[in-house]
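Observations on chain architecture
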Amino acid sequence: MTGVSREVITLQLGHYSNFVGTHWWNLQDASLCYDPGSAPPEVQSDSVFREGQTPGGSVTYTPRLIAMDLKGSLRTLRQEGSLYDPGGAAAAAVTWAGSVTVHKHSPPEKNCFLEDLEKLDKGQILTEAEFCSASQLQGSGPLGVDSFNNQLTRVQKNYRLEGSVTVWSDFLRLHLHPRSVVVIHQFNHDGEAHRLETFGQGESTLQGALLDELEDRLHFFVEECDYLQGFQVLCDLEDGFAGLGSKVTELLQDSYGGRGILTWGVAPVVHRDSTPARDRYHLLNAALGTVNMAAHSSLFCPLTLRGGLGGRPPPPPLFPLLSYNPALWYHSSAILALALDALTVPYRLRNNSAPMWQVADSLAVAGRKVVAAYGAVPFPMMPGGSLPDALSACADALPWKPLSACPEAAGSRCYGQWSTLRGYEGQKLISCLSPGIEPLTPLHGLHSGEDILAAYVSSFYPSAPLALQLVSAPSKLTPPFPQIFSPTLDAQGFMRGGAPPAGAPPVSSVPILTSLQSGTALHPFLSELQRAAATFDVRRRAPSFLSQGPEMADYQEALEELRLLGHCYHDDSGGTTRSSSEDDDD
């Protein structure tokens, strides 16, 4: 864990953001290496984790994270966590001498995974046969983090939590710092009353005690950083957190100028409590959130498996090697987290990393601060094959699917992109041709993985600037990541040559290919979002939306800014693909 790293502070704002973030942190936790004799991993975990110490002197390693959610959203998770106060503050001595009336209520039941997690955390080490049973082996004390991870990895129990996950803490597998979780008590997670539904509600929420609490926690995490490179913000885009996220990113921009702010506006495929009126709110929140968070961020990227953010979106993308339920937040957030694990790699690498500002500056050219994400989750590779083999099998079309509701149109222009291939461990990057053998394709004749991937992507976008990152280590999948993978994949996430054998182990890692792009595909996305919001008579059909702000004039100004932002991506070149540098010369 030693060595200089450029620290990143993560903020998760909203319930679906915390779903995505929980899967993402579980992936990071699964990849931690505690063997001092092993080679340092390619991804620098110190960039997002912090080392601390409990009052008892135990060393801790927790996410550098601030997660905000509403009252009733935590269920079994204590807001202050249990790592620094295992006995609980409620165990303090009572000094009242009079009579005491005790009111007890049953705590929420824990699912199978959380029960096993608690046993492992207490040192009650379970054998594979006894895993998730009443039988327990006596332990000699609390487990270390290394043995805790090893137990989960060794047992590899195939949890089926689809019916028991209701909130993000139902599948959280690591401890959080006491300063990480912030609960907004004036709004309810469940029920019909006191809901955080509108952009204006979110904007007006970040003031007073809540603003002071957020600033205090930011200062706590910032002050212990030596080389803070910036903030990665996950924010719900379609409810009141869009307004709160706009204020949070504005605060970061004002207080920490010069640091990178990469904001991911996330949205589920299906809202659990959707109604026609709330769907209209979702659209307006997304429009206002997009234009405001883009203005206050170094880079803004919508992140969703929905086909679009309008009233009648196309169906979610089909991933050939996945079998998932788009309506389940537990599933859709897992796919987004896997993609995000690769999308965020450039500024988390131990060597040859690109800091946040460099990633943002290379894409946010000429006012284009909104980008689109694409991902091949997983990227199809055959065991024992090579990168040219895998890419040649996708010669007619790029293998990735839209992750930002922005399908790539034929002949669209790309102003610049970052592509990341992660998880080719054990595979060949180049073809090992014998002397005198003609390469099967031009890709098979190249001599480095970077050249091969660059040549392949450039064949679709010939003159667009391109940055690449190739990372051998895969995203490691450990319980309770959902098993949503095709049976044609082996344990390493590579495609089998035949039918899966009986008793085949679950998929424990996958290769992923992602792309972060600035291009003309964003023009219809932003224009349709603006047009749908502008043609909706908010004063007549949803007057309560503006009851807590913004003012009508500010609302109309924001929609005009969104229209101008969409125009930045308009293709006026007659279909000719040009680079961003050529645009700057016009």
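Read on for a plain summary of the structure. Fair warning: this is a prediction, and the values are worked out from it, not measured in the lab.

Okay, the nonpolar core next. Grouped together as the largest cluster of nonpolar side chains are 88 residues, with contacts concentrated most on L11, F231 and F545. Sorting elements by how many residues they give to this core places helix α7 (residues 276-296) first, with nine residues. Filtering out sequence-adjacent residues up to four positions away, L11 remains in contact with I66, L214, L218, F231, Q232, V233, L234, V248 and L252.

Quick look at helix α2 (residues 112-121) now. Considered for burial, the residues of α2 that qualify are F113, L114, D116, L117, K119 and L120. The residue sitting at the N-terminus of α2 and contributing the capping side-chain oxygen is N111; that oxygen lies 3.1 Å from the backbone nitrogen of F113. Where α2 terminates, the next one or two residues include G123, which has phi positive at roughly 90°.

Further remarks concern the pairing of strand β15 (residues 512-519). A large share of β15 lies buried, amounting to eight of its eight residues. Here β15 shows no split at all, with I512, T514, L516 and S518 on one side and L513, S515, Q517 and G519 on the other all buried. Sheet topology places strand β9 (residues 372-376) next to β15; five bridges connect them, and they run antiparallel. From the neighbouring strand, A376 faces β15, where its bridge partner is L513. Summarising the sheet, strand β11 (residues 414-422) and β15 pair through eight bridges and their orientation is antiparallel. When the bridges of β15 are listed, S419 appears paired with S515.

As a working rule, side chains carrying opposite charge can pair if their charged atoms are close by. Throughout the structure, instances matching the rule amount to 16 salt bridges. Residues R75 and D170 are paired through a salt bridge, measuring 3.0 Å at the closest nitrogen-oxygen approach. You can see R75 sitting in the loop between β4 (65-71) and α2 and its partner D170 sitting in the loop between α3 (145-155) and β5 (181-188), a full 95 residues away along the chain. Judged by relative accessible area, R75 falls into the partly exposed class, the value being 34%. Salt-bridge contacts for D341 lead to R422; the nearest nitrogen and oxygen are separated by 2.9 Å. Residue D341 is found in helix α8 (residues 329-343), and its partner R422 is found in strand β11; the two are separated by 81 residues along the sequence. In this structure D341 comes out as buried when scored by relative accessible area, which is 1%. For R422, a relative accessible area of 4% puts it in the buried group. By sharing partners, the salt bridges in this structure join R195, E197, D273 and R278 into a single network.

Rules behind the numbers
Residues numbered from 1 in each chain as written. Predicted model: local features only at pLDDT ≥ 70, side-chain atom pairs only at ≥ 80, totals over all residues. Heavy atoms only, no water. Core = buried A, V, L, I, M, F, W, Y, C linked by side-chain atoms within 4.5 Å. Buried < 20%, exposed > 50% of the residue type's maximum accessible area, 1.4 Å probe, protein only. Helix = DSSP H or I, 4+ residues; strand = E, 2+ residues; numbered from the N terminus. Contact = heavy atoms within 4.5 Å. Polar contact = N/O pair within 3.5 Å; in protein donor to acceptor, adjacent residues only side chain to side chain. Pairing = 2+ DSSP bridges. Salt bridge = Lys/Arg side-chain N within 4 Å of Asp/Glu carboxyl O.

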